[in-house]
Amino acid sequence: YKAIIKLGITSTTGDITGEIISSSKIPEIRHVDLKKIEEKFMGTIEQTPPMHSALKYKGIRLYEYARKGINVHRDSRNVVIHNINLRQLNKENLILEVNCSKGTYIRTLAEKIGEEIGCGALISSLKRTKIADIDLSKSINLDGFRLKKTHSSLVYPISSKSGKQRMDTGSLEPKRISHMSLLI
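Notes on the structure follow. (Residues numbered from 1 in each chain as written. Predicted model: local features only at pLDDT ≥ 70, side-chain atom pairs only at ≥ 80, totals over all residues. Heavy atoms only, no water.)

To continue, consider the overall build of the protein. Helix and strand counts for the protein come out as five helices and 15 strands. Taking all 184 residues of the protein together, 36% fall into the buried category. Contacts spanning at least 24 positions in sequence make up 61% of the contacts within the protein whose residues lie at least 6 apart. A total of about 11,700 Å² of accessible surface is found on the protein, and carbon and sulfur atoms cover 49% of it. (Helix = DSSP H or I, 4+ residues; strand = E, 2+ residues; numbered from the N terminus. Buried < 20%, exposed > 50% of the residue type's maximum accessible area, 1.4 Å probe, protein only. Contact = heavy atoms within 4.5 Å. Areas by Shrake-Rupley, 256 points an atom, 1.4 Å probe, with all protein chains shown as cover.)

As structure tokens, then:
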């Protein structure tokens, strides 16, 4: 994942779309040891899933309870942070890059990072950069695909987890492929 963490505010959802519930003064980031924070969250950590998530409680998604103002108990669980990198973007924002296990909530991680810094935080931008062997850095957008002189390259459909299922793009019409991410 690659995310922008906005410091100094928290919200009901852990991201910019939620209702702001607190704001705090942001310390000067140059005085914050980001490497120490990375080390704290590296490896196996305990996380409580947020109320605004798709997990189910008694057959109902947690976000449905949250939208009604109902808070239900959620057991914390262990997740693994394989790699984490924090960089200062500007006075109010950090860039977070993280490689993590299934079930990790990046919004929750950002909130905890904000707590460590002492000012609260939320996610203002989030992009999933890789899942299994499908890597965003190896994809092209539709305009780039249209500019290619030949479509003889093979394309992996977004539903392919292993990358073994392939499609020959020569027979595809541009309308049909407009909703795919293309990995060439």
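The next thing to look at is helix α3 (residues 106-117). Spanning twelve residues, α3 covers 16 Å between terminal C-alpha atoms, matching the ideal 16 Å at 1.5 Å per step. Buried residues of α3: I106, R107, T108, L109, A110, I113, G114 and I117, and no others. (Expected span 1.5 Å × (residues − 1).)

To continue, consider the sheet that holds strand β4 (residues 43-47). Read across the sheet, five strands follow the order β4-β7-β8-β1-β9 without closing on themselves; strand pairing throughout is antiparallel. With partners counted over all chains shown, the strands left at the sheet margins are β4 and β9 (121-127), one partner each. Adjacent strand axes in the sheet meet at a mean angle of 45 degrees, parallel and antiparallel pairs treated alike. Here strand β1 (residues 2-7) runs beside β9; their pairing, made up of six bridges, is antiparallel. Pairing of K2 across the sheet is with K127, part of β9. Along the sheet face, helix α1 (residues 34-41) touches β4, β7 (77-88) and β8 (93-100) and points at about 165 degrees away from the line of β7. Contacts from α3 reach β1, β4, β7, β8 and β9 within the one sheet, and its direction differs from that of β8 by about 130 degrees. (Pairing = 2+ DSSP bridges. Axes fitted to C-alpha atoms, helices over the stretch in contact; angles between N-to-C directions.)

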